[in-house]
Amino acid sequence: MKKSMKIGIVAAIVAMVAVPLVPSAASAAPAGASSAGVSSAGKSPGKGHGHGHGHPGHPHVRATKSGPTSIAYVEVNNDQLSNVGRYTLANGANAFDVAIIFAANINWDGSKAVLSNNENVQATLDAAATQIRPLQAKGIKVSLSVLGNHQGAGIANFTSQAAAADFASQVAATVGKYGLDGVDLDDEYSDYGTNGTAQPNDQSIGWLVSALRADMPGKLISFYDIGPASSSLSQSSAAVGSKLDYAWNPYYGTYSAPSTPGLPKSKLSAAAVDIQNTPQATAVSLAQRTKSDGYGVFMTYNLPDGDVSPYVSSFTKVLYGQSAVYR
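Calculation notes
Residues numbered from 1 in each chain as written. Predicted model: local features only at pLDDT ≥ 70, side-chain atom pairs only at ≥ 80, totals over all residues. Heavy atoms only, no water. Helix = DSSP H or I, 4+ residues; strand = E, 2+ residues; numbered from the N terminus. Buried < 20%, exposed > 50% of the residue type's maximum accessible area, 1.4 Å probe, protein only. Areas by Shrake-Rupley, 256 points an atom, 1.4 Å probe, with all protein chains shown as cover. Expected span 1.5 Å × (residues − 1). Contact = heavy atoms within 4.5 Å. Salt bridge = Lys/Arg side-chain N within 4 Å of Asp/Glu carboxyl O. Axes fitted to C-alpha atoms, helices over the stretch in contact; angles between N-to-C directions. Parallel < 35°, antiparallel > 145°, perpendicular 65-115°, else oblique. Left-handed = near helix turned anticlockwise from the far one by under 90°. Nonpolar A, V, L, I, M, F, W, Y, C, P; charged D, E, K, R; others polar.

Draft legend 1. Just the overall build of the chain, in detail. Each helix and strand counted, the chain has 9 helices and 14 strands in total. Classification of the 327 residues of the chain by burial places 57% in the buried group. In the form shown here, the chain has an accessible surface area of approximately 11,100 Å², with 54% of it arising from carbon and sulfur atoms.

Draft legend 2. Fine view of the side chain of Thr-316. Following the sequence through the fold, Thr-316 ends up in helix α9 (residues 309–320). By relative accessible area, which is 0% here, Thr-316 ends up buried.

Draft legend 3. Quick look at helix α4 (residues 161–177). In a regular helix each residue adds 1.5 Å, so 17 residues correspond to 24 Å; α4 covers 24 Å between its end C-alpha atoms and thus fits that length. Three or more residues of α4 are buried, namely Ala-164, Phe-167, Ala-168, Gln-170, Val-171, Ala-172, Ala-173, Thr-174, Val-175 and Gly-176. Where the residues of α4 are buried, they touch β4 (98–108), β5 (113–116), β6 (141–148), β7 (182–186) and α5 (204–215). After α4 finishes, the residue Gly-179 shows a positive phi value of roughly 65°.

Draft legend 4. Quick look at the pattern of salt bridges. The final tally for this structure, using the stated rule, is 3 salt bridges. Here Lys-65 ties to Asp-97 by a salt bridge, and the two come within 3.2 Å at their closest N and O atoms. Pair noted here: Lys-65 is in the loop between β1 (38–39) and β2 (69–75) and Asp-97 is in the loop between β3 (87–89) and β4, with a separation of 32 residues, a long-range link. Like Lys-65, the residue Asp-97 is buried in the burial classification. The salt bridge involving Asp-166 is made with Lys-112; its shortest N-O contact spans 3.3 Å. Of this pair, Asp-166 sits in helix α4 while Lys-112 sits in the loop between β4 and β5, and the two are 54 residues apart along the sequence. Take Lys-112: its relative accessible area is 35%, and that puts it in the partly exposed class.

Draft legend 5. How the structure looks around the packing of α4 against α5. Where α4 contacts α5, the two axes come as close as 8 Å, and the packing angle between them is 45°. One way to sum up the angle between α4 and α5 is to call them oblique. In this structure, α4 meets α5 at a crossing whose hand is right-handed. Contact residues: α4 offers Gln-161, Ala-164, Ala-165, Phe-167, Ala-168, Ser-169, Val-171 and Ala-172, while α5 offers Trp-207, Leu-208, Ala-211, Leu-212 and Asp-215. Here the contact of α4 with α5 is built from residues that sort into 10 nonpolar, 2 polar and 1 charged.

By themselves, these figures tell us nothing about what the structure is for.
Structure follows, in structure tokens:
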């Protein structure tokens, strides 16, 4: 995918709190308040209201759907997060269930990992009233993706529980400050060893996930299944994986479920679709396989500004039996 994070305009963030919970499947009404064979490593590292219709006499009842939870990553360097909310199904249910801001960075300040945002990510967070709250009001969860920034810091090389807990507290503070619904972990572009940083170890991701879960009970924690952290998680105990909400295949245009002990099929996406680059016929095929194999998540990346409802409809018709409408 193209990596939206990194251009280097960075802002560290602090604050704390908690917000809503997650529907673990799209069939649950959400509470209001991841080109063929291309890896996400192809994402450019250069830049850092599906409205529910009420029933008669019950105007606040939100339309629902039955099928996999649908994920939409948005490259906020180029596109508006709020566009996720303009896609609904024919019955008014949200076409997408989780919107992910792509992406914040993990920087190295000389002694520890620091959560940082480029100017576009920060602008999206600062514009929460127009970019985030309208989605949440429709029942769409909003998470923040975090990943490395070529400085040697990442989710796979914390050298102690204390170091992982420190970074987790920064993430939790940001989630609380901006009223987000969770975080997405992505082990790319860290360049481990740079600036004298440590190499990956098998404990790091477990320490981080456990600290995040302790700091953010009820919040989403998802995993973009790539990098050294992926290998470590696949060999970890189910006790760690069960603290995640979702994990998905990172290779666009392909179909391969993550192997994460503790996560059932209902929380995995074997499909990976880049809306701007995966051929529509491939997206349809991946949706069909998702449905027939019983996976509970369908991950898409790169939802652009403007109306691409014909493409979105191609997979919503398979997943939910309804076309998507752009409102």
